[in-house]
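Overview (structure and organization)
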Amino acid sequence: VIDIRKLYGQTGMFTYDPGFMATAACESGITYIDGDKGQLMYRGYPIDQLAQKCDFMDVCYLILNGDLPNADQKQEFDSLVTNHTMVQEQMQHFLRGFRPDAHPMAILTGLVGALSAFYHDSTDITNPHHRHVSAIRLIAKLPTLVAMAYKYSLGQPFIYPKNDLSYTGNFLRMMFATPCEDYKVNEVVERALDRIFILHADHEQNASTSTVRLCGSSGTNPFAAIAAGVACLWGPAHGGANEACLNMLEELQANGGIDKVGEFMEKVKDKNSGVRLMGFGHRVYKNYDPRAKLMQETCKEVLEALGLENDPLFKLAMELERIALEDPYFVERKLYPNVDFYSGIVQRAIGIPTSLFTAIFALARTVGWIAQWNEMLSDPDYKIGRPRQLYVGPTQRDVPDQR
Ligand code: ACO
């Protein structure tokens, strides 16, 4: 690296921290992670307690408002969200412009951004009431948009929200009912998906949340900022990992299954192979991701409830985990299963196609994104995000007279 700052007379100190490994970009009171201990808390409540004692609406309220709701607050919040589950009918025309085989994340990025065109009455970001309305709209409409993207890919009619169902039950119905046949929500499945939503609701300053904050710091509207988060989440190193993980398990199963696990692990450890064990490793957790433990439990419950106890992919995942946790390569690098290692198996068992996994993650993370965005804007001293760089290009030179 050439320190060119002197050449241009720049002064002051910069920290050079690629990947922001050691840079706090903000203060936040929403989520706490202790990566060494494998701890995760929303607003001070441990994730395992929230997953066991609360539903996703409790957690949304908590993340947005700072505390768990009492019974009246819960009822009011539920009905507020429920009242916003429909999307403007014109959005269907916009959706129909996409190729039906487009990736759902491509569609979702477009649809979420397009909400700003349909709901511009709540985009005054200086007004806390408008910010709250936008938050509720986004939380309420994401399930509808994800289900619409799914139905569109199947060529089936859209199923409108049914507001006497729970948030998660309504989503399942919009996904799986047809005009010919209603969908009876299975309680174990509903609870499992609700738990997936809880576990993905926020995770402090990960790549997509930092993207939402950076994008929102310019003063753009909330729908544009959340669309940026959706786009960032899509990558295989972030929210796309659950899809990549299930694809990896299916490929391994098709090529020998458990018998070939040893060979596969050798490939993972060979740096020249470019193969990673998807669903393993985390930038912050250098211990077991607490969400992965809960997801493994949920996975067992769902497979049992659906009579899929002998699911070969679950067995394969357990075997990969067992080998990895004993292998010095993973032990020395503190690589443990992350939340995505088992979530794909649960979603597949529920009937959700692999290509929709990241969209489900986006649906759940929307509450975290919007709460972080609101937290930033509520700080009177917030500044536009503007990282610096170390310039390593040519020094000043003249364009030749004859070209
Ligand atoms: N398989 C094999 N080796 C791995 C893996 C893996 N999944 N993850 C990390 N490593 C190795 C790296 O090769 C590197 O080895 P080296 O020190 O010998 O060079 C070391 O462990 C550190 O890895 P980094 O990539 O530097 O760690 P970083 O913190 O930057 O990356 C990440 C974290 C991106 C999550 C990484 O572990 C990964 O790619 N995992 C697989 C994808 C995945 O599951 N992502 C989901 C993340 S969780 C979420 O978004 C919800």
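See the structure above.
Residues numbered from 1 in each chain as written. Predicted model: local features only at pLDDT ≥ 70, side-chain atom pairs only at ≥ 80, totals over all residues. Heavy atoms only, no water.

A separate point is the sheet that holds strand β2 (residues 39-42). Where strands meet in a sheet, backbone hydrogen bonds hold them as pairs that are either parallel or antiparallel. Taken together, three strands build an open sheet; the order of strands is β1-β2-β3 and the sheet is antiparallel. Every interior strand has two partners, whereas the edge strands, β1 (31-34) and β3 (45-46), have only one. Alignment of β1 against β2, held across four bridges, turns out to be antiparallel. Within β2, the residue paired with Tyr32 across the bridge is Met41. (Pairing = 2+ DSSP bridges. Helix = DSSP H or I, 4+ residues; strand = E, 2+ residues; numbered from the N terminus.)

Attention now moves to the state of the cysteines. On inspection of all chains with the given rule, the structure shows zero disulfides. You can see Cys245 has no disulfide; the closest cysteine sulfur is in Cys299, sitting 10 Å from it. (Disulfide = S-S within 2.5 Å.)

Below, the discussion takes up the site of the ligand. The immediate surroundings of the ligand are formed by 20 residues, with Lys271, Arg276, Leu277, Arg283 and Tyr329 found nearest. The side chain of His238 places a nitrogen or oxygen atom 3.1 Å from an oxygen atom of the ligand. Gly279 places a main-chain nitrogen or oxygen 2.9 Å from an oxygen atom of the ligand. Against a free-state accessible area of 910 Å², the protein chains account for coverage of 74% of the ligand. For the shell around the ligand, the residue count by class is 10 nonpolar, five polar and five charged. (Near = heavy atom within 4 Å. Polar contact = N/O pair within 3.5 Å; in protein donor to acceptor, adjacent residues only side chain to side chain. Areas by Shrake-Rupley, 256 points an atom, 1.4 Å probe, with all protein chains shown as cover. Nonpolar A, V, L, I, M, F, W, Y, C, P; charged D, E, K, R; others polar.)

On to the packing of aromatic side chains. Applying the stated criterion across every chain, the model contains 14 aromatic pairs. With a centroid separation of 5.3 Å and 45 degrees between ring planes, the pair formed by Phe56 and Tyr167 is classed as tilted. Here Phe56, found in helix α2 (residues 56-65), pairs with Tyr167, found in helix α7 (residues 167-176); they are 111 residues apart in sequence, far enough to count as distant. The interplanar angle of 50 degrees and the centroid separation of 6.4 Å between the aromatic rings of Tyr288 and Tyr336 together place this pair among those described as tilted. You can see Tyr288 sitting in the loop between α12 (261-269) and α13 (290-305) and its partner Tyr336 sitting in the loop between α15 (328-332) and α16 (340-350), a full 48 residues away along the chain. Residue Tyr288 is classed as buried on the basis of its relative accessible area of 11%. Site record: aromatic cluster; members linked through ring pairs are Phe280, Phe314, Tyr329, Phe330, Phe341 and Tyr342. Across the ring face of Tyr329, the terminal group of Arg333 is positioned such that the distance to the ring centre comes to 3.9 Å. (Phe/Tyr/Trp six-rings, centres within 6.5 Å; stacked < 30°, edge-to-face > 60°. Buried < 20%, exposed > 50% of the residue type's maximum accessible area, 1.4 Å probe, protein only. Lys NZ or Arg CZ within 6 Å of the ring centre and 35° of its normal.)

Using the criterion set out here, one finds 18 salt bridges in the structure. Between Arg137 and Asp121 there is a salt bridge; the shortest N-O distance is 3.0 Å. Within this pair, whereas Arg137 is found in helix α6 (residues 128-154), its partner Asp121 is found in the loop between α5 (104-118) and α6, the two being separated by 16 residues in sequence. When the shortest N-O distance is used, the salt bridge between Asp327 and Lys269 registers 2.6 Å. Pair noted here: Asp327 is in the loop between α14 (312-326) and α15 and Lys269 is in helix α12, with a separation of 58 residues, a long-range link. The structure contains a network of salt bridges with shared partners spanning Asp55, Asp58 and Lys74. (Salt bridge = Lys/Arg side-chain N within 4 Å of Asp/Glu carboxyl O.)

On the secondary structure map, Glu321 appears in helix α14. Each C-alpha atom, one on Glu321 and one on Leu277, is 9.9 Å from the other, the two residues being 44 residues apart in sequence.

Here α13 contains 16 residues, and its C-alpha end-to-end distance of 23 Å stays within 8% of the 22 Å for a straight helix at 1.5 Å per residue. All of the buried residues along α13 are Pro290, Arg291, Ala292, Leu294, Met295, Gln296, Thr298, Cys299, Val302 and Leu303. With its phi angle positive at about 70 degrees, Gly307 sits one or two positions after the end of α13. (Expected span 1.5 Å × (residues − 1).)

Turning to the packing of helix α10 (residues 222-233) against helix α17 (residues 357-378), a few remarks are in order. Running from N to C, α10 and α17 point in directions that differ by 135 degrees, and their axes come no closer than 10 Å. If you check the angle between α10 and α17, you find them oblique. Relative to α17, α10 is oriented so that their crossing is right-handed. For the pair α10 and α17, the contacting residues are Pro222, Ala225, Ile226, Gly229, Val230 and Leu233 in the first and Thr358, Phe361, Ala362, Thr366, Trp369, Ile370 and Trp373 in the second. Among the residues forming the contact of α10 with α17, the class breakdown is 10 nonpolar, three polar and no charged. (Axes fitted to C-alpha atoms, helices over the stretch in contact; angles between N-to-C directions. Parallel < 35°, antiparallel > 145°, perpendicular 65-115°, else oblique. Left-handed = near helix turned anticlockwise from the far one by under 90°. Contact = heavy atoms within 4.5 Å.)

With that out of the way, let us pick up the packing of α5 against α6. Between α5 and α6, the shortest axis-to-axis distance is 10 Å and the interhelical angle comes to 140 degrees. When the axis of α5 is compared with that of α6, the two are oblique. Both α5 and α6 take part in a crossing whose hand is right-handed. Contact with α5, carried on its side by Ile107, Leu108, Leu111, Val112 and Leu115, involves Leu138, Lys141, Leu142, Leu145, Val146, Ala149 and Tyr152 of α6 and no other residues of that element. For the contact of α5 with α6, the per-class residue count stands at 11 nonpolar, no polar and one charged.

Time to look at unusual backbone geometry. In this model, Phe20 sits at a positive phi of 50 degrees, which is unusual for a non-glycine residue. Position of Phe20 among the secondary structure elements: in the segment before β1. Look at Phe20 and you get exposed, because its relative accessible area is 56%. Positive phi is not limited to glycine here, since Lys334 has a value of about 55 degrees. Here Lys334 is to be found in the loop between α15 and α16.

What follows is about the environment of Asp182. Secondary-structure assignment places Asp182 in the loop between α7 and α8 (187-199). What makes Asp182 exposed here is its relative accessible area of 52%. Between the C-alpha atom of Asp182 and that of Ile159, which follows or precedes it by 23 residues, the distance is 9.8 Å.

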